[in-house]
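A structural walkthrough
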Amino acid sequence: MDAATAMLELLLIIAIALLTPGPNPLTAFAHSGLFGKKSNIPLIAGMAIGLFIMQMAVGLAIDSLEENKTALVALHWVGLLFLLAMAVAIFRFDISSLNVSESTGVLGLKTGIGMQFVNGKEWAFIILIMSQFIEPLGGGIVGILTIISVTLTICVLAMIAWTFFGARLSGVFSDDKYGHIIFKICGTLLALLLVAFLIRGPPV
């Protein structure tokens with residue numbers, strides 16, 4: 001796979017990830033609706049820091065296992081299992097269960113960082129994109145930093161967009177009719193991505 005093809009595929013995967021609402025965007029729009037847009041600045045900064053740490057750690061781990069094909073295959077299947085779990089969770093997600101309320105208080109930097117490490121969707125996408133695209137995008141630290149720079153930039157911009165348009169989106173998601181349809185579509189997108197990774201197979 002050449003670098004241009006790898007970049008296009010990476011952007012497509014990121015687009016699918018952003019189209020399927022997970023803990024980060026759901027928290028961002030709910031939090032901004034409760035406490036105002038400016039309250040999301042430290043929260044999003046924390047999300048970015050946590051995402052950077054996760055991607056760097058996973059990228060370095062995968063790069064160090066480049067010669068260990070068994071470990072790479074195992075990580076590939078772990079990522080797919082996370083993705084399967086998230087697809088099922090999206091199908092069954094209840095917007096009313098979102099754990100952000102006035103009684104929770106304003107969420108800040110530490111919460112944004114910590115959220116990333118318990119985010120199954122995040123783990124799935126990071127493991128899969130790092131295992132698939134480090135080598136095509138330059139290999140080693142170059143490939144890792146290329147992936148991080150692309151994903152981090154797009155994801156932060158997306159969180160800002162969710163912050164500004166979240167109130168409107170929240171109403172759509174929580175609508176008895178449209179919310180159910182939206183989450184079914186999102187679950188289907190994740191399921192299709194899972195099938196695509198199954199067909200493609202491990203990066204060996």
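Anything mentioned here points back to the structure above.
In this report, we go over the structure that sits alongside the text. Because the structure is a prediction, the values reported are computed rather than measured. (Residues numbered from 1 in each chain as written. Predicted model: local features only at pLDDT ≥ 70, side-chain atom pairs only at ≥ 80, totals over all residues. Heavy atoms only, no water.)

Attention now goes to the overall build of the protein chain. Within the protein chain, the secondary structure is distributed over 8 helices and 0 strands. Taken from N to C terminus, the helices and strands of the protein chain fall in the order α-α-α-α-α-α-α-α. Expressed as a percentage of its 204 residues, the buried residues of the protein chain come to 44%. When contacts within the protein chain are restricted to residue pairs at least 6 apart in sequence, those whose partners lie at least 24 apart make up 84%. (Helix = DSSP H or I, 4+ residues; strand = E, 2+ residues; numbered from the N terminus. Buried < 20%, exposed > 50% of the residue type's maximum accessible area, 1.4 Å probe, protein only. Contact = heavy atoms within 4.5 Å.)

Quick look at a nonpolar patch on the surface now. Nonpolar side chains collect at one region of the surface, where Ile49, Phe52, Ile53, Leu60, Leu109, Phe117, Val118, Ile141, Val142 and Leu145 lie side by side and expose about 860 Å² of accessible area between them. Looking at the nonpolar patch, the elements that each hand over two or more residues are α3 (40-64) and α7 (140-174). No other element matches α3, which puts 4 residues into the nonpolar patch. Relative to the helices and strands, valine 142 is located in helix α7. (Patch = residues over 30% accessible without salt bridge, like charges linked within 9 Å, V, L, I, M, F, W, Y side chains within 5 Å. Areas by Shrake-Rupley, 256 points an atom, 1.4 Å probe, with all protein chains shown as cover. Salt bridge = Lys/Arg side-chain N within 4 Å of Asp/Glu carboxyl O.)

Among the nonpolar cores identified, the biggest contains 34 residues, and Leu10, Leu83, Met130, Phe133 and Ile147 are the most heavily contacted of them. At the level of elements, α1 (3-19), α3, α4 (69-92), α6 (120-133), α7 and α8 (178-200) are the ones that each hand at least two residues to this core. Looking at this core, the element that brings in the most residues is α6, giving 8 residues. Those residues within four positions of isoleucine 147 in sequence are excluded, and the remaining contacts are Leu10, Gln55, Ile129, Met130, Phe133, Ile134 and Leu137. Counting 12 residues, the second largest nonpolar core, distinct from the first, contains Leu43, Ile44, Leu107 and Trp162. (Core = buried A, V, L, I, M, F, W, Y, C linked by side-chain atoms within 4.5 Å.)

Axis separation between α3 and helix α5 (residues 109-116) bottoms out at 6 Å; the angle between their running directions is 35 degrees. For the element pair α3 and α5, the recorded crossing hand is right-handed. From α3, Pro42, Leu43, Ala45, Gly46, Met47, Ile49, Gly50, Leu51 and Met54 reach across to α5, where they touch Leu109, Gly112, Ile113, Met115 and Gln116. Residues of the contact of α3 with α5, tallied by class, amount to 10 nonpolar, 4 polar and no charged. (Axes fitted to C-alpha atoms, helices over the stretch in contact; angles between N-to-C directions. Left-handed = near helix turned anticlockwise from the far one by under 90°. Nonpolar A, V, L, I, M, F, W, Y, C, P; charged D, E, K, R; others polar.)

It is worth spelling out the environment of glycine 33 at this point. The residue glycine 33 is located in helix α2 (residues 23-35) in this model. Along the sequence, glycine 33 and threonine 163 sit 130 residues apart, while their C-alpha atoms lie 8.1 Å from each other.

On to α5. If you check which residues of α5 are buried, you get Gly112, Met115 and Gln116. An end-on view of α5 places all buried positions within 100 degrees of arc, on one side of the element. Where the residues of α5 are buried, they touch α2, α3 and α6. (Arc of directions from axis to C-beta.)

This part is about empty space enclosed by the protein. In total, this model carries 1 cavity of 30 Å³ or more according to the counting rule given. Reported here for the largest cavity is a volume of approximately 340 Å³. Lining the largest cavity are 24 residues, with Ala17, Leu18, Asn24, Glu122 and Cys155 positioned closest to its centre. Among the secondary structure elements, those contributing two or more residues to the lining of the largest cavity are α1, α2, α3, α6 and α7. Residue contributions to the lining of the largest cavity peak at 6 residues, all from α7. Residue classes in the lining of the largest cavity are distributed as 16 nonpolar, 6 polar and 2 charged. (1 Å grid on protein atoms, 1.4 Å probe; cavity = no way out; pocket = protein on both sides within 12 Å on 5 of 7 lines; lining within 4 Å. Points joined across faces, edges and corners; volume = space filled by probe spheres on them.)

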